[in-house]
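Listed below are the residues making up each chain.
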Amino acid sequence: MITLTPVLERWPADCPFWSAEQTDFYFAVPRRPTSQQVGAVVWTLIGRSVTADDLSIIATDAAEAIEKYLACDDEDFAQGGLRVGDDNVVIDPGCCIGLDEWRDWLRVIGGEVIDLGHDPDPLIEHRGPVVRVWKDGGQLPSGQAPGPNEPHIDIPRHTLPNLLGAVQQDLAGFMTFLRSWAQGIRADLADPLAAAVDRRLQISAPLGI
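Conventions we followed
- Once a new chain begins, its residue numbering starts again from 1 and follows that chain's sequence as written.
- In view of the model being predicted, local features appear only for residues whose pLDDT reaches at least 70, and side-chain atom pairs are presented and counted only at 80 or more, with totals across whole chains, interfaces and linings using the full set of residues.
- Hydrogens are left out, water is left out, and the side-chain values use all remaining heavy atoms of the structure.
- In plain words, nonpolar cores are sets of buried Ala, Val, Leu, Ile, Met, Phe, Trp, Tyr and Cys residues tied together by side-chain atoms within 4.5 Å.
- Think of it in three bands: with a 1.4 Å probe and only protein chains considered, a residue is buried below 20% of the maximum accessible area for its type, exposed above 50%, and partly exposed in between.
- Every helix listed is a DSSP run of H or I at least four residues long, and every strand listed is a run of E at least two residues long, numbered separately from the N terminus.
- When the centres of two rings from Phe, Tyr and Trp lie within 6.5 Å, Trp using its six-membered ring, the rings pair. Their planes under 30 degrees apart give stacked, over 60 give edge-to-face, and anything left gives tilted.
- Multiplying 1.5 Å by the residue count of a helix minus one yields the expected span of that helix.
- Any pair of residues with heavy atoms lying within 4.5 Å of one another is described as a contacting pair.

Q: Quick question: what am I supposed to make of the nonpolar core here?
A: The biggest cluster of nonpolar side chains holds 58 residues, and the ones touching the most others in it are Trp18, Trp105 and Leu178. If one sorts the elements of this core by residue count, helix 4 (residues 160-183) sits on top with 10 residues.

Q: Please clarify how the packing of aromatic side chains should be interpreted in this entry.
A: What describes a pair of aromatic rings is the distance from one ring centre to the other and the angle between the planes of the rings. This model, assessed by the stated rule, comprises five aromatic pairs. Here the aromatic rings of phenylalanine 17 and tryptophan 18 are separated by 5.9 Å at their centres, their planes lie at 45 degrees, and the arrangement is tilted. Aromatic pair tryptophan 18 and tryptophan 43: ring centres 6.3 Å apart, planes at 80 degrees, arrangement edge-to-face. With tryptophan 18 in the loop between strand 1 (3-9) and strand 2 (26-28) and tryptophan 43 in helix 1 (residues 35-46), this residue pair connects regions lying 25 residues apart in the sequence.

Q: Sorry, what's going on with unusual backbone geometry here?
A: Excluding glycine, a negative phi dihedral is what most residues carry, and trans is how most peptide bonds are arranged. One non-glycine residue, leucine 55, adopts positive backbone phi at about 70 degrees. The residue leucine 55 is located in the loop between helix 1 and helix 2 (62-71) in this model. One non-glycine residue, glutamine 202, lies in the positive phi region at around 55 degrees. With respect to the helices and strands, the residue glutamine 202 is situated in the segment after helix 5 (190-201).

Q: It is not clear to me how helix 1 should be interpreted in this structure. Could you clarify?
A: Residues lying three or four places apart along an α-helix face the same way, a consequence of the helix completing one turn every 3.6 residues. The end-to-end C-alpha distance of helix 1 is 16 Å, a good match for the 16 Å that 12 residues give at a rise of 1.5 Å each. Within helix 1, 10 of the 12 residues are buried, which leaves the element mostly enclosed by the surrounding structure. Within helix 1 the residues assigned to the buried category are Gln37, Val38, Gly39, Ala40, Val41, Val42, Trp43, Thr44, Leu45 and Ile46. On its buried face, helix 1 sits against strand 1, strand 2, helix 2, helix 4 and helix 5.

Geometry only, nothing functional implied.
Here it is in structure tokens:
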């Protein structure tokens, strides 16, 4: 079964404010997360706002950490993207793109090629009714096509609307748990935090497909 899963790149500093699940470098944003999973996602999103260049913490408690995030003009991408998987291959996004760019996949439906990041340089190729995603295709010399044995996943183009709809449902489901989690820190921060995460990850707007 082919899946698209929203993933984030773990923030390197440890979270001192709340319990956060220990994660792999890329970790999924679950539709029905545990409290520790919510903590890991929130810390990844706000980490850049509450740490100095040397990763030392510049907030004193959980509420202040969230307030600093809400007060900043944070235009940085949320490092991550969409993980492509099937029964045999898993393809994580490369670096220098963000989960906030997940809607770029809508353009793939119309035949465009989008940037999936680099290192390991996943690459999209259109093959008629199939979208082929190469795990390492972008690392090859210019003009050289990946060989048929290189790891890849073929996505039938007609399945992309449903796959992207499921991504939106994953993110929307996470938002429901985020509000409850934030109320445990301070009730008046729950709605502003949810709204900020919604804007940053481009969750609620209709997909138009």
